[in-house]
Amino acid sequence: EMESVVFTSATMAVGESFEHFDHAVGLDVEDAGAHRDILLRSSFDFEHNMSVVIAQDMPQPGDTRYLPALEELLFEVHRAMGGSTLTLFTNRRDMEKVYQGLKPRLAQVGIHLLCQERGSSPRRLRERFLADKSCSLLALRSFWEGFDAVGDTLRCVVIPKLPFANPQDPLVRERELREDRSWWKHSLPEAGIAVKQAAGRLIRSSDDAGVLVLADSRLVTKRYGAQFVRSLPNPNATRLDRANVGRYLELWRRSRKS
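Residues numbered from 1 in each chain as written. Predicted model: local features only at pLDDT ≥ 70, side-chain atom pairs only at ≥ 80, totals over all residues. Heavy atoms only, no water.

1. Topic: the overall build of the protein chain
Helix and strand counts for the protein chain stand at 10 helices and 7 strands. A compact globule built from 258 residues would reach a C-alpha radius of gyration of about 18 Å, and the protein chain, at 19 Å, matches this within 12%. Principal-axis analysis of the C-alpha atoms gives the protein chain an extent of 60 × 40 × 35 Å. Out of the 258 residues belonging to the protein chain, those deemed buried represent 47%. Excluding contacts between residues fewer than 6 apart, the proportion of contacts in the protein chain whose partners are at least 24 apart in sequence is 72%. A total of about 14000 Å² of accessible surface is found on the protein chain, and carbon and sulfur atoms cover 47% of it. Taking the 37 positively charged and 35 negatively charged side chains of the protein chain as two groups, their mean positions are separated by 8 Å. (Helix = DSSP H or I, 4+ residues; strand = E, 2+ residues; numbered from the N terminus. Rg over C-alpha atoms; globule rule 2.2 N^0.38 Å. Buried < 20%, exposed > 50% of the residue type's maximum accessible area, 1.4 Å probe, protein only. Contact = heavy atoms within 4.5 Å. Areas by Shrake-Rupley, 256 points an atom, 1.4 Å probe, with all protein chains shown as cover. Lys, Arg positive; Asp, Glu negative; His and termini not counted. Charge placed at Lys NZ, Arg CZ, Asp CG, Glu CD.)

Dropping the structure here:
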């Protein structure tokens, strides 16, 4: 009974393709010409206001060296940024382990670290984070979207690991039974959209500026990595060894102050 329907979102396309969305809502079974996909550029200057860094030599997730390397990288990121950093984890176990080692180290350099611990209120965590510009937060999926922190309250977002769906999830397993190349059709584009949503936490107004740090080396080593980077608001990513990330962030902060 509809004359027309408009679907709109800042994170609907994967790269410049709407294929995943069209399939998810059934538009791909409509007659040719029944719908149009239109990609409109943002009014925000992402190339100038958002820097993207890939820590290219991080151990693979699951490697025993991964969490110690991540803790060291996060320490350097927080120290260089002076806090105001949101780190978005995909699982609680990794987050809590890193938090235990990172919190006392950051306290020694004057940075207060919050963590989305079991039973904690996301609303209260948001309020505490927004109230202190030198505060940083380790959080889970409830902070990947819908979280607004305008200005210097949030200067850096870190994504330790690409947010692929759990292969044991019932929906994922059912898709694999029903469709060929299910992972490429569903899990990969959904993870790409989630990363773009997380990156969107960083720039919430035309005056915002910040750095997105991606700590998953699969962005460099796997052929699907380029698809993630192309989907970012600023696809011009800088690849660095993790030992150089802190220095890069220090230079970035100085350039924004001058």
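2. Some points on the side chain of His20
Tracing the backbone shows His20 in helix α1 (residues 19-25). Polar contacts involving the side chain of His20 include one to the main-chain carbonyl oxygen of Lys185, which spans 3.3 Å. Every residue in contact with His20, bar those within four places of it in the chain, is listed here: Val14, Lys185, His186, Pro189, Glu190 and Ile193. (Polar contact = N/O pair within 3.5 Å; in protein donor to acceptor, adjacent residues only side chain to side chain.)

3. Observations regarding helix α3 (residues 66-81)
Its 16 residues place the ends of α3 22 Å apart at the C-alpha level, agreeing with the 22 Å of an ideal helix rising 1.5 Å per residue. Burial within α3 is extensive, with 12 of its 16 residues counted as buried. Every buried residue belonging to α3 is among Tyr66, Leu67, Ala69, Leu70, Glu71, Leu73, Leu74, Phe75, Val77, His78, Ala80 and Met81, and all of these are buried. Among the residues trailing α3, Gly82 stands out with phi positive, at a value near 70 degrees. (Expected span 1.5 Å × (residues − 1).)

4. Quick look at the nonpolar core
The biggest cluster of nonpolar side chains holds 36 residues, and the ones touching the most others in it are Leu212, Leu214 and Phe228. Per-element accounting of this core gives the leading share, 6 residues, to helix α7 (residues 182-199). Those residues within four positions of Leu214 in sequence are excluded, and the remaining contacts are Val52, Val53, Ile54, Ala55, Ile159, Val195, Leu219 and Leu232. If you look at the next biggest cluster of nonpolar residues, it comprises 34 residues, including Leu113, Cys115, Leu140 and Val211. (Core = buried A, V, L, I, M, F, W, Y, C linked by side-chain atoms within 4.5 Å.)

5. Here we look at the sheet that holds strand β3 (residues 113-115)
Sheet strands pair by backbone hydrogen bonding; their relative direction is either parallel or antiparallel. The strand order across the open sheet built from 7 strands is β3-β4-β2-β5-β6-β1-β7, with neighbouring strands paired in parallel fashion. Where the open sheet ends on each side, the last strands, each with one partner, are β3 and β7 (237-240). Across the sheet, the mean angle from the axis of one strand to that of its neighbour is 20 degrees, orientation sign disregarded. Relative to strand β6 (residues 210-214), strand β5 (residues 156-159) is paired through 4 bridges, and the arrangement is parallel. Bridging from a neighbouring strand, Val158 pairs with Val213 of β6. Each of β1 (50-55), β2 (85-88), β3, β4 (136-139) and β5 touches α3; the most contacted strand, β2, lies at about 155 degrees to it. Against the sheet, α7 makes contact with β1, β2, β5 and β6, and its axis sits at roughly 160 degrees relative to β5, the strand it touches most. (Pairing = 2+ DSSP bridges. Axes fitted to C-alpha atoms, helices over the stretch in contact; angles between N-to-C directions.)

6. Observations regarding the pairing of β4
Burial along β4 is two-sided: the face carrying Ser136 and Leu138 and the face carrying Leu137 and Ala139 are both buried. In terms of strand pairing, β2 meets β4 through 3 bridges, oriented parallel. Across the sheet, the residue bridging to Leu88 is Ala139, located in β4. Pairing of β3 with β4, which is carried by 3 bridges, proceeds in the parallel orientation. Across the sheet, Leu114 pairs through a bridge with Leu137, a residue of β4. In the classification by handedness, the crossover that spans β3, the intervening helix α5 (residues 122-131) and the parallel β4 is right-handed. (Right-handed = clockwise from strand over helix to strand, strands pointing away.)

7. Concerning the confidence of the model for the protein chain
A residue-level look at the protein chain finds 99% of positions with pLDDT of 70 or above and a mean pLDDT of 88. Within the protein chain, no element has a lower average pLDDT than helix α2 (residues 46-49), which sits at 80, and none a higher one than α3, at 96. (pLDDT = per-residue confidence, 0-100.)

8. Let's talk about the side chain of Thr85
As for its position among the elements, Thr85 is in strand β2. Here the side chain of Thr85 touches Gly83 through a polar contact of 3.1 Å, landing on its backbone oxygen. Those residues in contact with Thr85 that lie beyond four places of it in its chain are Val77, His78, Phe129, Cys135, Ser136, Leu137, Leu154, Cys156 and Val158.

9. Structural notes on the packing of helix α6 (residues 170-178) against α7
Relative to each other, α6 and α7 sit at 150 degrees, their axes nearing to 8 Å. When the interaxial angle is binned, α6 and α7 end up roughly antiparallel. Here Val172, Arg175 and Glu176 of α6 come into contact with α7, specifically with Ser182, His186, Ser187 and Glu190. (Parallel < 35°, antiparallel > 145°, perpendicular 65-115°, else oblique.)

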